[in-house]
Amino acid sequence: MSATTDTSSATSSATATDTGISAPSSDDRPSLLRAAQDTPTSLWNDSADPAELAASIAFGAVGATCNPVIAYTVIKNNIDTWGPRLREMADEHPTAGESELGWLAVEELSVQAAKLLEPAFRASGGRDGRLSMQTDPRLHRDAAALVEQAVHFSGLAENIIVKIPATEVGIQAMEEATYRGVSINATVSFTVAQALAVGAAIERGLDRRTADGLVDHEFGSVVTIMGGRLDDWLKAVAKRDHVLIEPGHLEWAGVAALKKAHHEFVARGYRSRILSAAFRNHLQWSELVGGDLVVSPPFQWQVDINANSVPAEHRIDVPVDQDVLDALREKLPEEWHRAYDVDGMTIDEFERFGACVVTLRQFLEADAQLDALVRDVIVPAV
């Protein structure tokens, strides 16, 4: 058994005081800021909303992510600003349809947010200070189209990082986009097997650049595991199959996958980092503090973590309790194998994993909702 497997699965009795970086009583910095300033763990904001991002930067955030659901929500919630702007865009692009106008709005929103992150981008040499833009989920079956859109997005600002789904087609696109100079953020990703396949694809893209004498630089690529959405899927499977399992155990599934993937990335020397997203509990931040990885909570989660003074302690190397891992293996053997094991799925199986199907459908629906929102603005009902 490898050392990384031992780290991810061995039972540990380590306590919070054993693990290192809890703040002295005189330290009144918020929890997130302490972790951001005292550990290698980077905080990103899970939204491109400029107001939220500015506040998150004060908590120590050095990056931000966006996806179709987030973009639609930001535009809908700020329709007093975006309604007039969409009408202006329609005038500026008289032949553009509602989908094209919606994506132009997403681009504009993203470029505004990217500007706020330029100081962190400069300070980190490009490792952080990134604003994630997600490729159109309607392109998920077309690797060439994903690459072309990724290259386009990458050219909007030097600190743009591009999300591509961690499916067989998407991973092909990620390798080629990396070769063409695009910084990658894998999305629609929930499992250790997916993360490792993406990490390997990014390495291949970087190695091809080196072999062809292309300019080397810090890409800052990250590989997301949507830990909370993995928890959601396992809970849905347990309910569907009438499996009774300690409810608390299912809150640790995503954390376990994130920890294992991180340690595998370190052991393999991958140049990308794991990113924790889709928060459902604070463990998806607090249990990862201390690792050279990224955590990307929604803004309200950041406010709540600070307000509740969740300890910022070095927890990345503290394994998930073996009893929890054993229960997940016993109660949900097939799904846990797919989610947690290095060889849990082959690359052609990724797109049929339940959490992948659910999330991709949600992203596609958000695209349709954005189209409808733009339609209501430019062709208002009479």
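Residues numbered from 1 in each chain as written. Predicted model: local features only at pLDDT ≥ 70, side-chain atom pairs only at ≥ 80, totals over all residues. Heavy atoms only, no water.

Asker: What is the right way to read the overall build of the chain from this model?
Answerer: For the chain, the helix and strand inventory stands at 17 helices and 8 strands. At 20 Å, the chain has a C-alpha radius of gyration in line with the 21 Å of a compact globule built from 382 residues. Seen through its principal axes, the chain has C-alpha atoms that stretch 65 × 55 × 50 Å. For the chain, the proportion of its 382 residues judged to be buried stands at 55%. Within the chain, contacts between residues separated by at least 24 positions form 73% of all contacts whose residues are at least 6 apart in sequence. As displayed, the chain has an accessible area near 15,700 Å², and 52% of this comes from carbon and sulfur atoms. Taking the 33 positively charged and 56 negatively charged side chains of the chain as two groups, their mean positions are separated by 1 Å. (Helix = DSSP H or I, 4+ residues; strand = E, 2+ residues; numbered from the N terminus. Rg over C-alpha atoms; globule rule 2.2 N^0.38 Å. Buried < 20%, exposed > 50% of the residue type's maximum accessible area, 1.4 Å probe, protein only. Contact = heavy atoms within 4.5 Å. Areas by Shrake-Rupley, 256 points an atom, 1.4 Å probe, with all protein chains shown as cover. Lys, Arg positive; Asp, Glu negative; His and termini not counted. Charge placed at Lys NZ, Arg CZ, Asp CG, Glu CD.)

Asker: In this structure, what is going on with the nonpolar core? I would like to understand it.
Answerer: A general trend in soluble globular proteins is that nonpolar side chains are found buried together. Membership of the largest hydrophobic core comes to 108 residues, with the highest contact counts inside it found for Leu131, Ile164, Trp285, Trp336 and Phe353. Of all the elements, helix H10 (residues 192–211) adds the most residues to this core, at 9 residues. Residues contacting phenylalanine 353, with those up to four places away along its chain left out, are Phe190, Thr191, Leu230, Trp233, Glu335, Arg338, Ala339 and Met345. Counting 6 residues, the second-largest nonpolar core is a separate cluster that includes Trp44, Ile161, Val222 and Val294. (Core = buried A, V, L, I, M, F, W, Y, C linked by side-chain atoms within 4.5 Å.)

Asker: Where do I start with the environment of alanine 173 in this structure?
Answerer: Relative to the elements of secondary structure, alanine 173 occurs in helix H9 (residues 168–179). Expressed as a C-alpha distance, the spacing of alanine 173 and alanine 144, which sit 29 residues apart in the sequence, is 6.8 Å. Dropping the residues within four chain positions of it, alanine 173 is found in contact with Ala143, Leu146, Val147 and Ile164.

Asker: Would you explain the environment of aspartate 317 in this entry?
Answerer: Take aspartate 317: it is sitting in the loop between helix H14 (299–307) and helix H15 (322–331). Taking the C-alpha atoms as reference, aspartate 317 lies 8.7 Å from glutamate 287; in sequence the two are 30 residues apart. Polar side-chain contacts of aspartate 317 include one of 2.9 Å to the side chain of histidine 263. (Polar contact = N/O pair within 3.5 Å; in protein donor to acceptor, adjacent residues only side chain to side chain.)

Asker: Can you walk me through the packing of aromatic side chains in this structure?
Answerer: Pairs of aromatic rings are described using the distance from one ring centre to the other and the angle between the two planes. According to the stated counting rule, one finds 6 aromatic pairs in the structure shown. Seen from their ring centres, phenylalanine 190 and phenylalanine 353 are 6.5 Å apart, and the 40° between their planes marks the pair as tilted. Taken together, the positions of phenylalanine 190 in the loop between strand S5 (184–187) and H10 and phenylalanine 353 in the loop between helix H16 (333–340) and helix H17 (354–378) put the pair 163 residues apart, joining distant regions of the chain. For phenylalanine 353, a relative accessible area of 3% gives the class buried. Lying over the aromatic face of tyrosine 179, arginine 208 brings its terminal NZ or CZ to 4.2 Å of the ring centre. Sitting over the ring of tyrosine 340, lysine 260 keeps its end group 4.1 Å from the ring centre. (Phe/Tyr/Trp six-rings, centres within 6.5 Å; stacked < 30°, edge-to-face > 60°. Lys NZ or Arg CZ within 6 Å of the ring centre and 35° of its normal.)

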